[in-house]
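An overview of the molecular structure
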Amino acid sequence: MENKILVTRSSMPDLDEYIEEIKSIWDTHWLTNMGEKHQKFQKELIDYMQVDNVELLTNGHMALELSMQALNLQGEVITTPFTFASTTHAIVRNGLKPVFCDVDPMTFTIDSDKIESLITDKTCAIVPVHVYGNICNIEAIDKIAKKYGLKVIYDAAHTFGETYKGKGIGSYGDVSCFSFHATKVFNSIEGGCVCYSDREFGHALSRLKNFGIRNEEVVDGVGANAKMNEFCAAMGLCNLRHLQTEIEKRKTVVERYRERLSGIDGIQLNPIQENVESNYAYFPVVFDEKKFGASRNEVQDKLAEHGIGARKYFYPLTNTFDCFHNEFDVNETPVALHLSLRVLTLPLFADLNLEDVDKICDLVIACKRNYI
Ligand SMILES: Cc1ncc(COP(=O)(O)O)c(C=O)c1O
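Heads up: these notes are all about the structure in this document. (Residues numbered from 1 in each chain as written. Predicted model: local features only at pLDDT ≥ 70, side-chain atom pairs only at ≥ 80, totals over all residues. Heavy atoms only, no water.)

1. Observations concerning the overall build of the protein
What counts, and what does not: A run of DSSP states H or I qualifies as a helix once it reaches four residues; a run of E qualifies as a strand once it reaches two. Both are numbered from the N-terminal end. The size measure is the radius of gyration over C-alpha atoms, and the globule rule it meets is 2.2 Å times the number of residues to the 0.38 power. Relative accessibility thresholds used throughout: buried, under 20% of the residue-type maximum; exposed, over 50%; partly exposed, between the two (1.4 Å probe, protein chains only). The Shrake-Rupley method, run with a 1.4 Å probe, gives the accessible areas here. Residue values count only the displayed protein chains as cover. His is not counted, nor are the chain ends; Lys and Arg add positive charge and Asp and Glu add negative charge. For the purpose of locating charges, the reference atoms are NZ of Lys, CZ of Arg, CG of Asp and CD of Glu.
Tallying secondary structure elements over the protein gives 11 helices and 15 strands in all. Taken against the 2.2 N^0.38 rule, which gives 21 Å for 372 residues, the C-alpha radius of gyration of the protein at 21 Å falls within 12% of a compact globule. Considered along the principal axes of its C-alpha atoms, the protein spans approximately 75 × 55 × 40 Å. Here the protein, with 372 residues, has 52% of them falling under the buried criterion. For the protein, the accessible area works out to roughly 17200 Å², and carbon and sulfur atoms hold 50% of it. Each charge sign in the protein was given a centre, from 39 positive and 53 negative side chains, and these centres are 2 Å apart.

Right, here's the structure in full:
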């Protein structure tokens, strides 16, 4: 059996570097509850992300869920189904109703032209997702939000380290929520953060991540436990030192994929967006079976035969999840449905070597059948 290639591989610092970083925890015996590492990591992220404020959390999901709670949202939230379960679940778990907007066929992000028709007197917010690190139409969303007095909470789980028009991506919208999960471009094992500018919101969020405790005697929020511990913060501090190199390596991999797969009939690649400094988070490919001659599932099976993991990301759409018992009509988001049935993300991580990229591309191309 050939060596397996997984769809992703977590970035890790040298063991010695991590050990050096966590040594002081043995002096302080301070393992969690906003200790020294937590504070240092938070400060470094504010600089790195070029944002006003950062709140650290246990994961990207709690970043979304507690942000919506801290904003005290009620009613309907406009979002997209072409995303990870977390986005929709955060809305539903806050007692809010997701209203699904379709996505743009090229960027996979919310189709801003379709948002206004979904707004009702119950709409309180828009939760757009920067899918695969592709930036949503920020200007259009901002304009709509201002016109109707809506909050904008970006699911920025895929965009760590990106800038748009020279500004940190987390500085757009009311709130941006990032994931530092092990599989992301940047990880703190598990982890996440919220970027924001409104200090009142920040106070509310920091209380909610610690059970809603205001002080020793006052608990005035129904909070959760979403505090990042010291070991995760230490991992984040180490990984942050190497992030730029990791992104450069990812870029090399993505360029090789593009070189090999561009211009093939029936294959759609991720767009290169203007004014965006990319983090090269994912390599999605959309297969049009009629033109390419093989379906997405056939390509995935072919790769699997050779020990290569590729992921149907995102499939199924969140508005078709069993847990929602047919509450939503998937036909209202036809573009998202079309993409979810055809998209496959190919392996991508910093240490993926170019021979392996070539092997993956050879196998993908070998699936192509000419019907003419
Ligand atoms: C789009 C999106 N939103 C939210 C999340 C949740 O992040 P986490 O796994 O850190 O909870 C993820 C990833 O896992 C994601 O891909």
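2. Points about the site of the ligand
Basically, it comes down to this: By convention in these notes, a residue is near a molecule or strand provided one of its non-hydrogen atoms lies within 4 Å of it. Each polar contact in these results corresponds to two N or O atoms within 3.5 Å; when the atoms are within protein, one needs to be able to donate a hydrogen and the other to accept it, and residues that are neighboring in sequence are counted only if both atoms are side-chain atoms. Ten residues, namely Ala, Val, Leu, Ile, Met, Phe, Trp, Tyr, Cys and Pro, are considered nonpolar, four, namely Asp, Glu, Lys and Arg, are considered charged, and the remaining ones, Gly among them, are considered polar.
The environment of the ligand is formed by 16 residues, the closest being Gly60, His61, Asp155, Ser179 and Lys184. Separating an oxygen atom of the ligand from a backbone N or O atom of His61 is a distance of 2.8 Å. Taking 380 Å² as the accessible area of the ligand by itself, protein coverage stands at 93%. At the level of elements, helix H3 (60-70) and helix H4 (85-93) are the ones that each hand at least two residues to the shell around the ligand. Grouping the amino acids of the shell around the ligand by side-chain chemistry returns four nonpolar, 10 polar and two charged.

3. A short note on the sheet that holds strand S15 (residues 343-346)
For the record, the criterion: Strands qualify as paired when DSSP identifies two bridges or more between them. Fitted lines through C-alpha atoms serve as axes, helices being fitted only where they are in contact, and the angles separating the N-to-C directions of these axes extend from 0 to 180 degrees. The contact criterion used is simple: two residues touch if any of their non-hydrogen atoms lie within 4.5 Å.
Pairing within the open sheet is antiparallel, and its three strands lie in the order S12-S14-S15. Only two strands of the sheet have a single partner each, and these edge strands are strand S12 (267-269) and S15. Taking the axes of each pair of neighbouring strands and ignoring which way they run, one obtains an average angle of 30° across the sheet. In the packing of helix H9 (residues 296-305) onto the sheet, the strands contacted are strand S14 (283-287) and S15, and the crossing angle to S15 comes to about 30°.

4. Some thoughts on the pairing of strand S4 (residues 123-127)
Operational definition: When the strands point away from the viewer and the path from the first strand over the helix to the second turns clockwise, the crossover is right-handed.
Most of S4 is tucked away, with five of its five residues classed as buried. In terms of strand pairing, strand S2 (residues 76-79) meets S4 through four bridges, oriented parallel. Bridge pairing in S4 links Glu76 to Thr123. Note: S4 against strand S5 (residues 151-155), two bridges, orientation parallel. Bridge pairing in S5 places Ile126 opposite Val152. Between the parallel elements S4 and S5, the chain passes through helix H5 (residues 138-148) in a crossover that is right-handed.

5. Section: the nonpolar core
Note the threshold: As used here, the term nonpolar core means buried Ala, Val, Leu, Ile, Met, Phe, Trp, Tyr and Cys residues forming a set that is joined through side-chain atoms within 4.5 Å.
Of all hydrophobic cores here, the largest spans 57 residues; its most connected members are Leu45, Phe82 and Phe180. Only helix H2 (36-49), strand S1 (53-57), H5, S5, strand S9 (192-196), helix H7 (230-261) and helix H10 (334-340) provide two or more residues apiece to this core. The dominant element in this core, judged by the number of residues it contributes, is H7, at six residues. In this structure Leu45 touches Gln50, Val54, Leu56, Phe160, Phe180, Phe186 and Leu240, once residues within four positions along its chain are discounted. With 28 residues, the next largest nonpolar core counts Val253, Val254, Leu303 and Val364 among its residues.

6. Focus: the environment of Arg207
For Arg207, the location among the structural elements is in helix H6 (residues 199-208). For the pair formed by Arg207 and Asp220, sequence separation is 13 residues and the distance between their alpha carbons is 8.9 Å. In this structure, Arg207 is in contact with Gly212, Ile213, Arg214 and Asp220, ignoring residues within four places of it in sequence.

7. Observations concerning unusual backbone geometry
Between Tyr313 and the following residue, Phe314, the backbone shows a cis peptide bond with an omega angle of 20°. In this fold, Phe314 is placed in the loop between H9 and H10. Each neighbour pair has its own omega, and for Tyr315 with Pro316 the value is -5°, a cis peptide bond. With respect to the element layout, Pro316 can be found in the loop between H9 and H10. In this structure, Gln50 is a non-glycine residue whose phi angle is positive, near 55°.

8. Looking at empty space enclosed by the protein
One way to see where empty space is left: roll a probe the size of a water molecule over the atoms. Here is the rule: Throughout, the protein atoms alone are placed on a 1 Å grid, and a set of points is a cavity if a 1.4 Å probe fits but cannot get out or a pocket if it is open with protein on both sides within 12 Å along at least five of seven lines; lining residues have an atom within 4 Å of a point. Grid points are joined across faces, edges and corners, and a volume is the space filled by probe spheres set on the points.
Counted under the stated rule, the structure contains one cavity of 30 Å³ or more. Surrounding the largest cavity, Ala157, His158, Thr159, Phe160, Ser179, Lys184, Val185, Phe186, Asn279 and Ala281 form its lining. Residues belonging to the lining of the largest cavity are distributed by class as follows: five nonpolar, four polar and one charged.

9. A few points about the pairing of strand S8 (residues 175-179)
Most of S8 is tucked away: five of the five residues are buried. Here S8 shows no split at all, with Val175, Cys177 and Ser179 on one side and Ser176 and Phe178 on the other all buried. Pairing geometry for S5 and S8, over three bridges, is parallel. From the neighbouring strand, Tyr154 faces S8, where its bridge partner is Ser176.

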